[in-house]
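# Structural overview
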Amino acid sequence: MLNYLWSFMIIFSIIMAIFGGDMGTLTTEMLASSQSAVKICFETSGILAMWMGIMYIAEKSGLIDALASRMTPILNFLFPDVPKNHPARKYIATNMIANFLGLGWAATPPGIKAMVELQKLNKKPGIATNAMCMFLIINISSIQLISINMVSYRTSYGSVNPTEIVAPSIIATTCSTIIAIMFAKMMYRKER
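Residues numbered from 1 in each chain as written. Predicted model: local features only at pLDDT ≥ 70, side-chain atom pairs only at ≥ 80, totals over all residues. Heavy atoms only, no water.

By secondary structure assignment, the location of glutamate 117 is in helix α6 (residues 104–121). Apart from the residues lying within four places of it in its own chain, the contact partners of glutamate 117 are His86, Pro87, Ala88 and Tyr91. (Helix = DSSP H or I, 4+ residues; strand = E, 2+ residues; numbered from the N terminus. Contact = heavy atoms within 4.5 Å.)

Here you go:
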């Protein structure tokens, strides 16, 4: 679906530029945007590598396991259907910690592994369980302490104060996560 949407927007832009007689501006902007995208990729790759390394060290040192065990009450509340010693809990905790730190890139691999483990508990393959839905909702809305990727983008574009978005993002993501959890819990109770 997104392929069709992007294709439509590109074709529509080209048609509008042709009829508007502004094909030169379109070409210039396309090239400038491409250069900007490559520049941002290089600038953010350093931050990405650093935080992925920190997450790797945290996992190998046992910090992730320690944090996951401290998160047991939260995981019990959010995922009552997942057994206490199931591997999905570790992956869910790792994903939540990475998202909390604003590391969406580092959260993706444990998120995929968590879904694979949750699928193993699924009695009806092809239909998402309540635990899968809750995990997806939390993953989408995730509370973020520091939006590292947004701070990185703001720095790349020369923001005077790239960290000024931290407080608003904490408030916004906290509200969205609380509402998402309440919705998922209401749906879970309604189903029962």
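This part takes up the nonpolar core. With 28 residues, the main nonpolar core has Phe79, Ile92 and Leu118 as its most contacted residues. In terms of residue count, the dominant contributor to this core is helix α5 (residues 87–100) (six residues). Sequence-distant contacts of leucine 118, that is, excluding residues within four places in its chain, are made with Val82, Ala88, Ile92, Ala131, Met132 and Phe135. (Core = buried A, V, L, I, M, F, W, Y, C linked by side-chain atoms within 4.5 Å. Buried < 20%, exposed > 50% of the residue type's maximum accessible area, 1.4 Å probe, protein only.)

Our next topic: the confidence of the model for the protein chain. For the protein chain, per-residue confidence averages 84 on the pLDDT scale, and 99% of positions sit at 70 or higher. By mean pLDDT, the top-scoring element of the protein chain is helix α4 (residues 72–78) (90), and the lowest-scoring one is helix α8 (residues 148–156) (77). (pLDDT = per-residue confidence, 0-100.)

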